[in-house]
Amino acid sequence: MTTDREELVVEGYRFANMEDADLARLELEKIRAIESRLDYQNGEMVLSVYNRAVMNRTFQTPVGCKYLIKLRDYLLDTGVARENELRAVPLQAQFSGKARNQEGHRQSAAASEEKERTVPIWSFRVSLAVNVILTLLVAGMFLIAMSGDNPNILNYKSKILNEYASWEQELRAREREVSGRERELGITPEYPNRVHEREETE
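Residues numbered from 1 in each chain as written. Predicted model: local features only at pLDDT ≥ 70, side-chain atom pairs only at ≥ 80, totals over all residues. Heavy atoms only, no water.

Peer 1: Honestly, the overall build of the protein chain in this entry has me stumped. Any pointers?
Peer 2: Secondary structure summary: the protein chain contains 8 helices and 2 strands in total. Traced from its N-terminal end to its C-terminal end, the protein chain shows the element sequence α-β-β-α-α-α-α-α-α-α. Taking all 202 residues of the protein chain together, 17% fall into the buried category. Counting contacts in the protein chain only where the partners sit at least 6 residues apart, residues at least 24 apart contribute 49% of the total. Surface summary for the protein chain: the accessible area is close to 16200 Å², and the carbon and sulfur share equals 55%. (Helix = DSSP H or I, 4+ residues; strand = E, 2+ residues; numbered from the N terminus. Buried < 20%, exposed > 50% of the residue type's maximum accessible area, 1.4 Å probe, protein only. Contact = heavy atoms within 4.5 Å. Areas by Shrake-Rupley, 256 points an atom, 1.4 Å probe, with all protein chains shown as cover.)

Take a look at the structure:
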């Protein structure tokens, strides 16, 4: 039983379960790896490590938070950064009762709903301007598509039918011309009735 309790203790902190204790040990290894490469003479490097650790939430247990506080104190003491320039150390634990936390959650949810309801007027104007521009662009695209000479999805059927009709007229005109010349030369075609049949069907 005592060994279990000892396994829950990491760097003077006794954790409630083994998972948290293992996470603290993992963070302790990360701290040792950072410390082996960190040059405290280079204040910008220390500031960069601190900012990345806070933004990425690299440390979640009190062991990691204690290390972040150490870096923070170094940055403030050496004048590399001021208090208002440093990000706050994020805490994962809840220190108040559940009922109080739920009340705070309700208040924050109500505040976010109120914020969503009050949309700034410039947001509406920008949205309106973008919609008008998009509508004009779509109308312009339809106008270009309808008035263009190339077949497109709006006019392809009529364009293709017109093209085939003009080809057929040209073909018939050429057949008439050829048959007229054959008559002049006294040549009888193999299919003499073909042109006449077409002319009769018209």
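Continuing now.
Peer 1: How should the packing of aromatic side chains be read in this particular structure?
Peer 2: In this description, an aromatic ring pair is defined by two values, namely the gap between the centres and the angle between the planes. With the rule as written, the count across this model stands at 3 aromatic pairs. Seen in terms of ring centroids, Y40 and Y74 are 5.2 Å apart; in terms of plane orientation they differ by 75°. Their pairing is edge-to-face. Of this pair, Y40 sits in the loop between α2 (18-37) and α3 (43-55) while Y74 sits in helix α4 (residues 62-77), and the two are 34 residues apart along the sequence. Residue Y40 is classed as partly exposed on the basis of its relative accessible area of 23%. Pairing Y164 with W167 gives two aromatic rings, centres 5.2 Å apart and planes at 80°, and the pair type is edge-to-face. With Y164 and W167 both in helix α7 (residues 156-185), this residue pair falls 3 residues apart, about one helical turn. Exposure remark for W167: the relative accessible area of 46% places this residue in the partly exposed category. (Phe/Tyr/Trp six-rings, centres within 6.5 Å; stacked < 30°, edge-to-face > 60°.)

Peer 1: So what exactly am I meant to see when it comes to unusual backbone geometry here?
Peer 2: Apart from glycine, the bulk of residues carry a negative phi angle, and the bulk of peptide bonds sit in the trans form. Positive phi, close to 55°, is recorded for E11, a residue that is not glycine. Among the secondary structure elements, E11 is positioned in the loop between β1 (9-10) and β2 (13-14). Phi at R57 takes a positive value of approximately 50°, unusual for a residue other than glycine. One can find R57 in the loop between α3 and α4. R57 sits in the partly exposed class, given a relative accessible area of 43%.

Peer 1: I'm lost on the packing of α3 against α4 in this one. Help?
Peer 2: Any two packed helices are characterised by how steeply their axes cross, that is the angle between the axes, and by the distance between the axes. Two numbers describe how α3 lies on α4: the axes approach to 10 Å, and their chain directions differ by 140°. In the crossing of α3 with α4, the sense of the turn from one axis to the other is left-handed. Note on element contacts: α4 touches α3 through L68, L71, R72, Y74 and L75, opposite G43, V46, L47, V49, Y50, A53 and V54. For the contact of α3 with α4, the per-class residue count stands at 10 nonpolar, 1 polar and 1 charged. (Axes fitted to C-alpha atoms, helices over the stretch in contact; angles between N-to-C directions. Left-handed = near helix turned anticlockwise from the far one by under 90°. Nonpolar A, V, L, I, M, F, W, Y, C, P; charged D, E, K, R; others polar.)

Peer 1: How should I be thinking about the pattern of salt bridges in this particular structure?
Peer 2: Close approach of charged atoms allows side chains with opposite charge to pair. Tallying each qualifying case throughout the model produces 5 salt bridges. Put simply, R25 and D22 hold a salt bridge, and the shortest N to O gap is 3.0 Å. Placement of both R25 and D22 in helix α2 is noted, with a separation of 3 residues, approximately one turn of the helix. (Salt bridge = Lys/Arg side-chain N within 4 Å of Asp/Glu carboxyl O.)

Peer 1: Can you help me understand the nonpolar core in this one?
Peer 2: Formed by 24 residues in total, the largest nonpolar core has its most connected members in V10, Y50, V63, L68 and L71. Residue assignment for this core shows that the elements contributing at least two residues are α2, α3 and α4. Not counting residues up to four positions away in its chain, the partners in contact with L71 are L38, Y40, V46, V49 and Y50. (Core = buried A, V, L, I, M, F, W, Y, C linked by side-chain atoms within 4.5 Å.)

Peer 1: Before we go on, may I ask you to explain α4 in this structure?
Peer 2: At 3.6 residues per turn, the α-helix brings residues three or four places apart onto the same side. Under the 1.5 Å per step criterion, the end-to-end length of α4 is 22 Å for 16 residues, consistent within 8% with the ideal 22 Å. All of the buried residues in α4 are V63, G64, C65, Y67, L68, L71, R72 and L75. Residues of α4 that are buried sit in contact with β1, β2, α2 and α3. (Expected span 1.5 Å × (residues − 1).)

Peer 1: Explain the packing of α2 against α4 to me, please; I cannot follow it from the model alone.
Peer 2: For the pair α2 and α4, interaxial distance at closest approach is 8 Å and the crossing angle is 30°. Comparing their axes, α4 and α2 come out roughly parallel. Residue-level contacts link A24, E27, L28, I31, I34 and E35 of α2 to V63, G64, Y67 and K70 of α4. Residues that form the contact of α2 with α4 fall into these classes: 6 nonpolar, 1 polar and 3 charged. (Parallel < 35°, antiparallel > 145°, perpendicular 65-115°, else oblique.)

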